[in-house]
Amino acid sequence: MKPWAERFYNSDAWRVCRDAFLQSKGWLCERCSTPHDPVPAKIAHHKRYLTEKNINDPYVALSWDNLEALCQQCHNEEHHKSNKKVYSFDANGNIIPSPPIHSKNLEGRTPSGGG
């Protein structure tokens, strides 16, 4: 955690907001959880990342419109996106860009594509 963010993330206001938001989402990941394969969400992710300039703005830092319930894996993937591109080839040998591989797919899960 960045030093300038510690006070916010340790605040009662954030804890109450986070817990209420995750509860409103059923504590399920909005990206990879499905009705047949529920995945617990542990993180209320800020879609618009917090900065030193906006962390004290409650319309950014505490707004449910700016939050997304994520599991640890989806949160890690969000913050550590790989720029690697995966390619496949058609019958004529032309390169076809493939969508990024979501590690949940490797386990037979399909991301819901929230956002």
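Further up the page is the structure itself.
Below or above, wherever it landed, is the structure these notes cover. Every value quoted in this text rests on a predicted model; they were computed, and no experiment measured them. (Residues numbered from 1 in each chain as written. Predicted model: local features only at pLDDT ≥ 70, side-chain atom pairs only at ≥ 80, totals over all residues. Heavy atoms only, no water.)

All right, on to the overall build of the chain then. Per the secondary structure count, the chain includes four helices and four strands. The burial tally for the chain puts 29% of its 115 residues in the buried class. (Helix = DSSP H or I, 4+ residues; strand = E, 2+ residues; numbered from the N terminus. Buried < 20%, exposed > 50% of the residue type's maximum accessible area, 1.4 Å probe, protein only.)

Attention now moves to helix 2 (residues 12-24). Its 13 residues place the ends of helix 2 18 Å apart at the C-alpha level, agreeing with the 18 Å of an ideal helix rising 1.5 Å per residue. Where helix 2 is concerned, the buried positions are Trp 14, Cys 17, Phe 21 and Leu 22. Along helix 2, the residues classed as buried sweep out an arc of 120° about the axis, all on the same side. Turned more than 90 degrees away from the buried face of helix 2, the exposed residues are Asp 12, Val 16 and Gln 23. Those residues of helix 2 that are buried are in contact with helix 1 (3-9), strand 1 (43-46), helix 3 (58-61) and strand 2 (67-70). Following helix 2 by one or two positions, Gly 26 adopts a phi angle in the positive range, close to 70°. (Expected span 1.5 Å × (residues − 1). Arc of directions from axis to C-beta. Contact = heavy atoms within 4.5 Å.)

Both faces of the sheet carry side chains from a regular strand, because those side chains alternate between them. Where burial is concerned, the two faces of strand 2 agree: the one with Leu 67 and Ala 69 and the one with Glu 68 and Leu 70 are both buried. When strand 1 meets strand 2, the two strands line up antiparallel, connected through four bridges. Residue His 45 lies in a different strand from strand 2, and its bridge partner there is Glu 68. (Pairing = 2+ DSSP bridges.)

Moving on, we get to the nonpolar core. Ranked by internal contacts, the top residues of the largest apolar core, which has 14 residues, are Phe 8, Trp 14, Phe 21, Leu 22, Ala 44, Leu 50 and Leu 67. Of all the elements in the fold, those that place two or more residues in this core are helix 1, helix 2, helix 3 and strand 2. At four residues, helix 2 tops the list of elements feeding residues into this core. The contact partners of Trp 14, leaving out residues within four places of it in the chain, are Phe 8, Tyr 9, Ala 44, His 46, Ala 61, Leu 62 and Leu 67. If you look at the next biggest cluster of nonpolar residues, it comprises six residues, including Cys 32, Val 39, Cys 71 and Cys 74. (Core = buried A, V, L, I, M, F, W, Y, C linked by side-chain atoms within 4.5 Å.)

So, on to the packing of aromatic side chains. All told, the structure shown has four aromatic pairs when counted by the stated rule. Aromatic side chains Phe 21 and Trp 64 sit 5.6 Å apart centroid to centroid with 75° between the ring planes, which places their arrangement in the edge-to-face category. Taken together, the residues span a long stretch of sequence, with Phe 21 in helix 2 and Trp 64 in the loop between helix 3 and strand 2 at a distance of 43 residues. For Phe 21, a relative accessible area of 2% translates into the label buried. Note on Trp 64: relative accessible area 41%, which makes it partly exposed. Connected via pairs of aromatic rings, a cluster forms that spans Phe 8, Tyr 9 and Trp 14. (Phe/Tyr/Trp six-rings, centres within 6.5 Å; stacked < 30°, edge-to-face > 60°.)

Here the focus is the environment of Lys 2. One can find Lys 2 in the segment before helix 1. Residue classification places Lys 2 among the exposed residues on the basis of a relative accessible area of 52%. Between the C-alpha atoms of Lys 2 and Thr 51, which are 49 residues apart in sequence, the distance is 9.7 Å.

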